[in-house]
Amino acid sequence: MADDRTFFNEMLDDAGGARSPYSRLATWLEDKPANFLTKKSRDAEMVFRRLGITFAVYGAQEATERLIPFDPIPRIISASEWRRLSAGIDQRVRALNAFMHDIYHRQEILRAGRIPADLILQNEAFLPEMAGFTPARKVYAHIIGTDLVRVSENEFYVLEDNTRTPSGVSYMMENRETMMRLFPELFQTHRVAPVEQYPELLRRTLESVAPDPSKSAQTIVLLTPGIYNSAYFEHAFLADSMGVELVEGRDLFVDAGKVFMRTTREPEQVDVIYRRIDDAFLDPLTFNPDSMLGVPGLFDAYRAGNVTICNAPGTGIADDKAIYAYVPDIIEFYTGQKPILKNVPTWNCSRADDLAYVLDNLEKIVVKEVHGSGGYGMLIGPTASKREIAEFRKVLEATPSNYIAQPTLALSACPTHVASGVAPRHVDLRPFVLIGDQVRITPGGLTRVALKKGSLVVNSSQGGGTKDTWVLED
Amino acid sequence: MLGRTASSLFWMSRYHERAQNVARLLEVAYRGAMMSHRGQEHGTHWTFALTCSGCDADFSEKYDELNIRNVTVFLMFSKENPVSVRNSLELARNNARAVRTGITAELWEAINTTWIEFIEVNPQTITQERLPDFLAWVNQRAHLFRGALLNTILRDDGYFFSQMGNFVERTDNTARILNTQYWALLPDSDIVDDGSMERYQWSAILRALSGRRSYRFAYPNARLKAFNIAEFLILRKEMPRSLAHCYNWIADTAEELAQFYSSREPSLDLAKEIASGLSEKQMREIYHDGLHDFLTDFIGKNNQFALQLSKDYNFA
């Protein structure tokens, strides 16, 4: 699987012919002049910059707002491929929510010995404060971004479940808008499933989990850490397109167990908070006392059932990298079915046997920090230098329980605009799932692309770009 | 509307107005320095710009030499100068960004593009020759901001708060310029010869407040006179930067806000009191009671109004 020469090319088959979802696009690409895409890319970049569709880069001193490079060639998924993917995602998100309800209540799965109890109870992402509390409709993670990679015609793997505060959905929508502006003719020759309904569905999902769903009008807010957060654009975008207030912690206060926002007039009671700040910062009285971002007393108001927080506190346990290896068991335990989507085989470095194997094979595999994200703190064996491997080995030996390891997957590649023309580059896929009164999966998602030749790292913080993702309708 | 949103709209406009005012002061100083004046040192013009924008002390702490390069960098580009155009534009944009959902796309694009283009400018390239064009560009961008705001924003509470920010800053700026130069506007300084220091000062004050031409229409004989200039900038309602004009606008806006929310707040009474105080005043009385005291008192009242407004509407 690790051999880069044998990756799956999503557009072209081994004979160099276009696969069926891409047939029209391949023809269209053929008769375009050499600088056509370059010019279109530039147009797109100007639009993004003017609209302020930027993300912040941590650690950079000047000009901390950057554009995520946008690739103008769409990634295409057929209707039948999508049906299978969405069935797999549906199964997975239902199982993860059932799992969270269980571990915060009777802990049947621990009693049954399917997961070592310590892995849950000693886990930083497990919030004892949530024990015994049942959120509306028993939903914990209302918004999930499932990271998928494709390795062959019919093989998709789930890489991560992102059950905390997944981001990127605004790019899914803005990329589509931009594509419709750049290439209207392509939308006439392809039946692309729309994504523009996402904010409305998000709003409906949030309303469906309000403490009192019978109320005629629910006051929903989006809680952001503020303008310096890397995903601030997305927070503003979603609040705007849902028609809800974008609030910071200081705009909210708790009085008599209820949450209110400070308006220019009377305080207004809040029913649902779509929060885009981490658990630890939600409420300085319950969690991190130094948090300036949260709302004192919020957690008590939540436990009293007067406000719904989405996603619920404590959902990090479901996308913890150490728990990841057990997700197939979790699916079987709660649904009684075999998982539709595969898990990447995972070595848990806290286990002596696994660690020994990992240390022997560092140059072939990927090692990730259990609590890391965004492509930081990881080793990609096949592309790392001898020195990087040697240095990583020391860190790994010192704190093995901080790491998991996986085989290097040959991520599929899609045609991408590069300096020399069009060339295959590796991609992943993050579809966005909403869970409330029903499970809603928007057809498409965010395709991230590693723009450097041969690179497997798609994170925007590490030089990755994005593409519009088309799910074709039958 | 969130109290913080109201506050951000207020400050977005306020900082934008400030950026334009400081750029205009630099323009006036540049113009003065380019023309040779009898008996004057070059430094006078630069001092005028620094004093009027209230950062002369900060400047002397950081620089030894008063020259075009240092003053330009300090007033336009410096991160250390709280009132530099750069800092005002950044704060204006940060406030706009905080209320992205509450302003129009046109307004956001005007603010965002100004900021993006401004920070791409290397201060080293703004030489003496390029300074006038650059200042004209800053000025045009400020007009674009205000035009986009007036043409696209809904006439609801958000609009009212943005107007308050704009005019509280503008009237403060006018009052401060007059107050730092009040000695040149005392009636006995009318007896001056044509090439005098005062004559230059009068002209600079009018230019700094975009009133050089309109003054000539307001006072048909067009002669520069301390009494008329002071009256023009303090009491004449048709002058868009006069204290009277600004407070009429503020009082009208406060009235509209009270109607919008169907409730009368103390800030409305304060605005009306200040506005009627100005419309009943004669220039002669102001001179009689002391110009300097009058202006100092006015600046205090204006601050008090802004504070009351932020209390009445829960600015965060």
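Conventions and cut-offs
- Residues numbered from 1 in each chain as written.
- Chains lettered and ligands numbered in written order.
- Predicted model: local features only at pLDDT ≥ 70, side-chain atom pairs only at ≥ 80, totals over all residues.
- Heavy atoms only, no water.
- Contact = heavy atoms within 4.5 Å.
- Buried area = accessible area lost by both parts, 1.4 Å probe.
- Salt bridge = Lys/Arg side-chain N within 4 Å of Asp/Glu carboxyl O.
- Polar contact = N/O pair within 3.5 Å; in protein donor to acceptor, adjacent residues only side chain to side chain.
- Helix = DSSP H or I, 4+ residues; strand = E, 2+ residues; numbered from the N terminus.
- Domains from an automatic or database assignment.
- Nonpolar A, V, L, I, M, F, W, Y, C, P; charged D, E, K, R; others polar.
- Phe/Tyr/Trp six-rings, centres within 6.5 Å; stacked < 30°, edge-to-face > 60°.
- Lys NZ or Arg CZ within 6 Å of the ring centre and 35° of its normal.
- Buried < 20%, exposed > 50% of the residue type's maximum accessible area, 1.4 Å probe, protein only.
- Core = buried A, V, L, I, M, F, W, Y, C linked by side-chain atoms within 4.5 Å.
- Expected span 1.5 Å × (residues − 1).
- Arc of directions from axis to C-beta.

A word on the interface of chain A and chain B
Taken together, the contact pairs 25 residues of chain A with 28 residues of chain B. Buried surface at the junction of chain A and chain B, summed over both partners, amounts to about 2,300 Å²; 44% is from carbon and sulfur atoms. Residue E248 of chain A pairs with R4 of chain B through a salt bridge whose shortest N-O separation is 3.3 Å. Taken together, chain A and chain B are joined by 15 residue pairs in polar contact (both at pLDDT 80 or more). Those elements giving two or more residues to the side of chain A that touches chain B turn out to be α2 (36-51), α9 (232-242) and β8 (245-247) of chain A.

Description of the domain arrangement of chain B
Residues and elements named next belong to chain B. According to the domain assignment, chain B contains domain 1 (1-153) and domain 2 (164-316). Contact with domain 1, which involves 26 residues of that partner, is made by 33 residues of domain 2. At the surface where domain 1 touches domain 2, the tally comes to four salt bridges. The tally of links between domain 1 and domain 2 comes to 10 residue pairs in polar contact (both at pLDDT 80 or more). When residues of the side of domain 1 that touches domain 2 are traced back to their parent elements, those giving at least two are α1 (3-34) and α2 (43-52). Ranked by residues supplied to the side of domain 1 that touches domain 2, first place goes to α1 with 16 residues. When its residues are assigned to classes, the side of domain 1 that touches domain 2 shows seven nonpolar, 11 polar and eight charged.

Some points on the packing of aromatic side chains
All names here are of chain B. Counting across every chain of the model gives 40 aromatic pairs over all chains. Pairing F10 with W11 gives two aromatic rings, centres 5.5 Å apart and planes at 75°, and the pair type is edge-to-face. With centroids separated by 4.8 Å and ring planes inclined at 20°, the aromatic side chains of F59 and Y63 adopt a geometry described as stacked. By way of ring pairs, the aromatic residues F10, W11, Y15, Y159, F160, F161, F260, Y261, Y313 and F315 are connected into one cluster. Over the face of the ring belonging to W249 we find R146, whose NZ or CZ atom lies 6.0 Å from the ring centre. Positioned over the ring face of Y159 is R155, at 4.2 Å from the centre of the ring.

Concerning the side chain of N348 of chain A
Residue and element names in this part refer to chain A. As for its placement among the helices and strands, N348 is situated in strand β15 (residues 347-348). A relative accessible area of 6% means that N348 is categorised as buried. In this structure, N348 is in contact with A322, D354, Y403 and I404, ignoring residues within four places of it in sequence.

Observations regarding unusual backbone geometry
In this model, C310 of chain A is joined to N311 of chain A through a cis peptide bond whose omega is -15°. Note that N311 of chain A resides in the loop between β13 (308-310) and α12 (321-324). Backbone geometry at S210 of chain B places phi at a positive 50°, although glycine is not the residue there. The topology assignment puts S210 of chain B in the loop between α9 (197-208) and α10 (212-218). Of note in this structure, S262 of chain B is not a glycine but carries a positive phi near 50°.

Quick notes on the nonpolar core
Residues and elements named next belong to chain B. Core analysis: the largest hydrophobic core is formed by 109 residues, its most contacted members being I234, L278 and F305. Sort the elements by how many residues they give to this core and α1 lands first, with 13 residues. Those residues in contact with F305 that lie beyond four places of it in its chain are M164, V168, Y247, I250, S267, L270, A271 and I274.

Considering α2 of chain A
All names here are of chain A. Its 16 residues give α2 an end-to-end C-alpha distance of 23 Å, which sits within 8% of 22 Å, the value for a rise of 1.5 Å per residue. Buried within α2 we find F36, L37, K40, S41, A44, V47 and F48. End-on view of α2: buried residues confined to an arc of 125°, all on one side of the axis. Exposed residues pointing more than 90 degrees away from the buried face of α2 are listed as R42 and M46.

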